[in-house]
Protein chains: 2
Amino acid sequence: MRASRYLIATQKETPADAEVISHQLMLRAGMIRKLAAGLYTWLPMGLRTLRKVERIVREEMDKSGAQEVLMPAVQPAELWEESGRWDQYGGELLRLNDRHGRDFCFGPTHEEVITDLVRHELKSYKELPANFYQIQTKFRDERRPRFGVMRAREFVMKDAYSFHLNAESLGETYDVMHRTYCAIFDRLGLDYRPVQADSGAIGGSASHEFHVLASSGEDDIVFSTESSYAANIEKAEAVAPAGERAAPSEELQEIATPDQRTIESVSQFLGVDTTRTVKTLLVKGEEDENGQSGLVALILRGDHTLNEIKAEKLEGVAEPLTMATDEEIEQATGCKPGSIGPVNLNVPVIVDRSAAHLADFVCGANKEGYHLTGVNWDRDADLGRVEDLRNVVEGDPSPDGQGTLEIRRGIEVGHIFKLGDKYSQAMNATVLDEHGKSIVMQMGCYGIGVSRIVAASIEQNHDDKGIIWPDAIAPFEVAIVTLNAHKSPTVAEAGDKLYEQLRQAGFDVLLDDRNERPGVKFADMELIGIPHRFVVSDRGLSAGTLEYKGRRDTDKQDVAIEDALSFLINRSPRKGL
Amino acid sequence: MRASRYLIATQKETPADAEVISHQLMLRAGMIRKLAAGLYTWLPMGLRTLRKVERIVREEMDKSGAQEVLMPAVQPAELWEESGRWDQYGGELLRLNDRHGRDFCFGPTHEEVITDLVRHELKSYKELPANFYQIQTKFRDERRPRFGVMRAREFVMKDAYSFHLNAESLGETYDVMHRTYCAIFDRLGLDYRPVQADSGAIGGSASHEFHVLASSGEDDIVFSTESSYAANIEKAEAVAPAGERAAPSEELQEIATPDQRTIESVSQFLGVDTTRTVKTLLVKGEEDENGQSGLVALILRGDHTLNEIKAEKLEGVAEPLTMATDEEIEQATGCKPGSIGPVNLNVPVIVDRSAAHLADFVCGANKEGYHLTGVNWDRDADLGRVEDLRNVVEGDPSPDGQGTLEIRRGIEVGHIFKLGDKYSQAMNATVLDEHGKSIVMQMGCYGIGVSRIVAASIEQNHDDKGIIWPDAIAPFEVAIVTLNAHKSPTVAEAGDKLYEQLRQAGFDVLLDDRNERPGVKFADMELIGIPHRFVVSDRGLSAGTLEYKGRRDTDKQDVAIEDALSFLINRSPRKGL
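- Chain A appears in an unreviewed UniProt entry as Proline--tRNA ligase from Marinobacter suaedae.
- Entered under Sequence similarities (unreviewed entry) in the UniProt record, the comment concerning chain A runs "Belongs to the class-II aminoacyl-tRNA synthetase family. ProS type 1 subfamily."
- Turning to chain A, the UniProt record has this under Subcellular location (unreviewed entry): "Cytoplasm".

So this is what it looks like as structure tokens:
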């Protein structure tokens, strides 16, 4: 491509409303433009990279045996009513009416549509397993779209859905998809981790997320220092502390703690570490058969945080997790929030494993402005149920017993689920087995955020000059910058010749033939992040050389004109061109 | 691809609700499935063809110098309000609200979005001309979606928009796009015609449609028998009949025509040809400055039909064209519909060129149950304005004076427009010219119905066995059918070997290794329409041959196994593989 005939829409200024580096650089490099909140146009430069990501995803999915389809973006409400999600799915589902007033949505995902297709098309166990995928535009009406294409409302996703006679077959395809995802993210040149994940609202029995490691990531992911254990923070298990709980050594005492309402202030006031305190969180309990629900107390060590996903799954706790209001707390306990504690508390108590391991601890006295010290389980308060209620912290033991846990930030770019029969049961998607018996199919689903990957890659690959693309998804692999070509026919001719030579060898080449100052051209090519750059100048040509600089190189080097192609082939990961 | 691992979703029965052959065959060949009215899922077999069409469109657009972008499907109402189309566009615009209640639409076209982009990105005449295109999913909420993907609500379109400093530059790009479209439709192997078209509601000064000729087409297109003149029926000019109008030879007579209300019955009753009669259509006139409008009479020869597009463009006629009600007619003329005529009519009259050429004709007497014969213009009725009001008919002289007109049915698959400044003026899209003066850009727009092309190709290429794909867009170019491979390892092995050989030579091959009867496999491959077929059988192998049959061939032929590849290369349009 000749830059003079191409939209090089670079910008010097960092856009004020772009918070993360990938969003800033995608705007500055002229890859995307905002149309409205969470809606972006891909400019020519950005679309080239998006298409390369798509191609890698498609090639690996095809290799895995999955079959590509294309389902409509607009989906009829009837199918979502069959699965039960029309009412469950919240504000992110963009609902709409056609001219006849019928209900539809702009699909955020396609479980219903594919299940409807498959229940009509597949009749026999002989046609299983089958795995269908598409690369398609989706819409999620995020309350707060942000970070550019990282969390846009309209985005490109690869979604796949597999169908099976039994759980064993589902497990096999799940493993194939796990390997396929690794192959995709390897080819994309990403530093990523597959982590165990909670299968959440989408349902099902097992799931892994694939996270690109980046400090701007919105998710906490957890690794063992010693083993391959990795999970997202929602899923990571906080194991019970080692050893027996210490025996009581202090007497129970009630101490006035006027105006001390937080763990930090109480600890400071009493001169004890927050690790020696517990906090009591009151949440709604499950409804009984009469539709009545009381409160449940969740007890955590003062320095720990509640894991809401773990808590809401517990028997007796309402889902979704709902914190009690101040009024409800006062009504149930007779005491204001800030001084609640497990001693003589008249609501059911669930105690976190770490809190349960404490002796001689501090807690609220269930009396406004007072706390208890020297509290001990069994002696002073009924221990009741002990559960894993908290988020892990760095240094916690790894749940597999090997090493301790580290926490990093991640950007979720892929997610694989064992759905089981959640959709196939609700929508009656069956096949006949070898005995002619009707069997509800098992399902898996597998997503990749195609447009998000572009941003995630930039989060990992940039410097103060701009983007640094891996060769595989660079909009162009090579830039040829001609200096003063409008004045020097020799330079123009040599640039054209090199351009044709590299193009014919199969490289994506951008010939920067614009009538701009050399500094502007260099800065643009670096901002755009093209991996390889040749400079064609009169000075170089008189010595028979071109100047070469890799985007990550600190130094330039001269390359003989006749060696340019072989030099590039050696520097490129595509050596087998 | 191995058929045993691929969704071959063929059907024997012709679906009851599929009216046209392409819709029937796309369902029967397992290319598409209906999700809801006007919404279709592309199955693997159909998607392969859709992607090949996309690729050809993309390659030729790239070659033309156009730059690919990708704009959001969801568009904010504000831009449509700027252009004025939010209120003008009718029920086909799918309007929707996001979670914050803001107005959006699912874009049926992208003039507003691209104009908004370009007015921010392009600042100088030096950046012009520029042509941006996308291949993207659109939605038009058709009142009556039909014919499968031919007139679906959600569909894939290639839309391009060009920007220019002046009309001359627009004309140049318009011509480039005309040639590019011809190159695309040539490569797609379609029998098509570019025809002059009315630029209609989208506005602008010139336009051509590209029609695939097919009897199921919804449009009438018109050609000269002698010259290259071609237009759609809306646009085709009906020229005035040659020669002077004959002098009056009959006396004006009023004749009772009881209960004769149509042209046909009056003609029969009076024993004159319908070509000797005129009909009078009353339509609403334009509003005057007080918002009042009367009726206007349109006079046509009895055997001709009104061209509404031509009529509504005339000064004095309301747009859109609105027929007067029976009550309005009676109120304005004092006579019921069925006996209206131009003699002593008290509303303004516009006479079609052919009607104006009649002498001694028949018309309504403006008196219930009476007609006049021997009517002559000027003598009996004021001729007033003469205009082109009618649709051309076969045998009419060509407007360019060469030959006569033929009419065929066409499927519109492409449309190019000179938009002029319709959008750029409304949205203030300007650049600075070489003198630093702000100039409103000229625009062109260029559409291709990518998904519709798949159906249009089938309308032209099928027989009683199924689809007959041109090689360029066949889902697979070659089928290898193995006979009894599950019993004969020799056949299975030879099939595999041929499959690998042809694949490595660059062909898209479907190896039909299914454990089905030969007749089922042959019928499926013919229904799907794969252009080339090899059969591998024990009988053939023992003689060292394969059986070959082209999809259009009547006879099979034997080909030596070792010659299979070179034979195929010779039969394939891709000889230069």
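**Let's talk about the interface of chain B and chain A**
Moving on, step 1. Counting from both sides, the interface comprises 52 residues of chain B and, opposite them, 52 residues of chain A.
Moving on, step 2. Summed over both sides, the interface between chain B and chain A buries roughly 4200 Å², with carbon and sulfur atoms accounting for 61% of that surface.
Moving on, step 3. Summed over the three residues of chain B that lose the most area to chain A, namely Leu35, Leu70 and Arg99 of chain B, the buried surface amounts to 17% of that side.
Moving on, step 4. Where chain B packs against chain A, one counts six salt bridges.
Moving on, step 5. The partner of Glu121 of chain A in a salt bridge is Arg33 of chain B, and the shortest N-O contact between them spans 2.5 Å.
Moving on, step 6. Between chain B and chain A we count 18 residue pairs in polar contact (both at pLDDT 80 or more) in total.
Moving on, step 7. If one sorts the elements of the side of chain B that touches chain A by residue count, helix α2 (residues 44-63) of chain B sits on top with five residues.
Moving on, step 8. When its residues are assigned to classes, the side of chain B that touches chain A shows 30 nonpolar, six polar and 16 charged.

**Thoughts on the nonpolar core**
Moving on, step 1. Of all hydrophobic cores here, the largest spans 76 residues; its most connected members are Phe106, Ile114 and Phe163 of chain A together with Phe106, Ile114, Phe132 and Phe163 of chain B.
Moving on, step 2. Phe163 of chain B has contacts with Ile114, Thr115, Val118, Leu128, Pro129, Ala130, Phe132, Met441, Gln442 and Met443 of chain B, leaving out every residue within four places of it along the chain.

**Observations concerning the sheet that holds strand β30 (residues 557-560) of chain B**
Residues and elements named next belong to chain B.
Moving on, step 1. Here five strands make up an open sheet; going across it, the order is β27-β26-β28-β29-β30 and the pairing mixed. Of all the strands in the sheet, just β27 (509-512) and β30 have a single pairing partner and so form its edges. Direction aside, the axes of adjacent strands within the sheet are offset by 25° on average.
Moving on, step 2. Here four bridges tie strand β29 (residues 545-550) to β30, and the two strands are oriented antiparallel to one another. Residue pairing across strands places Leu546 opposite Val559, the latter belonging to β30.
Moving on, step 3. Packed on one face of the sheet, helix α13 (residues 489-504) meets β26 (478-482), β27, β28 (532-536) and β29 and runs near 170° to β26.

**A look at the confidence of the model for chain A**
Moving on, step 1. Confidence in the prediction of chain A, expressed as mean pLDDT, is 94, and 98% of residues score 70 or more.
Moving on, step 2. Predicted as a complex, the structure gets a pTM of 0.91 and an ipTM equal to 0.91.

**Focus on helix α13 (residues 489-504) of chain A**
Residues and elements named next belong to chain A.
Moving on, step 1. Helix length check: α13, at 16 residues, gives a terminal C-alpha distance of 22 Å against a target of 22 Å (1.5 Å per residue), a fit within 8%.
Moving on, step 2. Of all the positions in α13, only Val491, Gly495, Leu498, Tyr499 and Leu502 are classed as buried. Viewed along the axis of α13, the buried residues span an arc of 105°, placing them on a single side of the element. Of the exposed residues in α13, those oriented more than 90 degrees away from the buried face are Pro489, Glu493, Lys497 and Gln504.
Moving on, step 3. Against the buried residues of α13 lie β26 (478-482), β27 (509-512), β28 (532-536), α15 (538-542), β29 (545-550) and α16 (564-571).
Moving on, step 4. Looking one or two places after α13, you find Gly506, whose phi comes out positive at around 100°.

**Description of the packing of helix α2 (residues 44-63) of chain A against helix α12 (residues 450-460) of chain A**
Residues and elements named next belong to chain A.
Moving on, step 1. Two numbers describe how α2 lies on α12: the axes approach to 9 Å, and their chain directions differ by 115°. By the criterion of interaxial angle, the relationship of α2 to α12 is roughly perpendicular. Remark: the crossing between α2 and α12 carries right-handed chirality. Here Thr49, Leu50, Val53 and Glu54 of α2 lie close against α12, whose contacting residues are Val450, Ser451, Ile453 and Val454.
Moving on, step 2. In terms of residue class, the contact of α2 with α12 is built from five nonpolar, two polar and one charged.

**So, the sheet that holds strand β5 (residues 94-97) of chain A**
Residues and elements named next belong to chain A.
Moving on, step 1. What the three strands build is an open sheet, ordered β4-β6-β5; its pairing is antiparallel. The open sheet has two edge strands, β4 (74-76) and β5, and neither has a second partner. Averaged over all neighbouring strand pairs, the angle between strand axes comes to 40°, with direction disregarded.
Moving on, step 2. As paired elements, β4 and strand β6 (residues 103-106) share three bridges and run antiparallel to each other. Paired with Val74 across the bridge in β6 is Phe106.

**Brief notes about the relation of the copies chain B and chain A**
Moving on, step 1. Between the two copies, chain B and chain A, the superposition gives an RMSD of 0.1 Å; the rotation angle is 180° and the shift along the axis is 0.0 Å. Taken together, these values place the two copies in the relation of a two-fold axis. No C-alpha of chain B approaches the rotation axis more nearly than that of Leu96 of chain B, which lies at 2.9 Å.
Moving on, step 2. Comparing interface residues between copies, 100% of those in chain B also sit at the interface in chain A, which points to an isologous, same-surface contact.

**A short note on the packing of aromatic side chains**
All names here are of chain B.
Moving on, step 1. Evaluated as defined, the whole model comprises 21 aromatic pairs over all chains.
Moving on, step 2. When the centroid spacing of 4.7 Å and the interplanar angle of 70° are considered together, the rings of Tyr548 and Phe567 count as edge-to-face. With Tyr548 in strand β29 and Phe567 in helix α16 (residues 564-571), this pair connects stretches of sequence that are 19 residues apart. Taken as a pair, Tyr548 and Phe567 share a single burial class, namely buried.

**Quick look at the side chain of Asp471 of chain A**
Residues and elements named next belong to chain A.
Moving on, step 1. Inspection of the secondary structure assignment puts Asp471 in the loop between β25 (466-467) and β26.
Moving on, step 2. Separated by 2.7 Å, the side chains of Asp471 and His532 make a polar contact.
Moving on, step 3. Contact partners of Asp471, with chain neighbours within four places excluded, come to Glu477, Pro531, His532, Ser572 and Pro573.

Thresholds, definitions, all that
Residues numbered from 1 in each chain as written. Chains lettered and ligands numbered in written order. Predicted model: local features only at pLDDT ≥ 70, side-chain atom pairs only at ≥ 80, totals over all residues. Heavy atoms only, no water. UniProt positions renumbered as here; feature names shortened; annotations may be inferred. Contact = heavy atoms within 4.5 Å. Buried area = accessible area lost by both parts, 1.4 Å probe. Salt bridge = Lys/Arg side-chain N within 4 Å of Asp/Glu carboxyl O. Polar contact = N/O pair within 3.5 Å; in protein donor to acceptor, adjacent residues only side chain to side chain. Helix = DSSP H or I, 4+ residues; strand = E, 2+ residues; numbered from the N terminus. Nonpolar A, V, L, I, M, F, W, Y, C, P; charged D, E, K, R; others polar. Core = buried A, V, L, I, M, F, W, Y, C linked by side-chain atoms within 4.5 Å. Buried < 20%, exposed > 50% of the residue type's maximum accessible area, 1.4 Å probe, protein only. Pairing = 2+ DSSP bridges. Axes fitted to C-alpha atoms, helices over the stretch in contact; angles between N-to-C directions. pLDDT = per-residue confidence, 0-100. Expected span 1.5 Å × (residues − 1). Arc of directions from axis to C-beta. Parallel < 35°, antiparallel > 145°, perpendicular 65-115°, else oblique. Left-handed = near helix turned anticlockwise from the far one by under 90°. Least-squares fit on C-alpha atoms with pLDDT ≥ 70 in both. Phe/Tyr/Trp six-rings, centres within 6.5 Å; stacked < 30°, edge-to-face > 60°.

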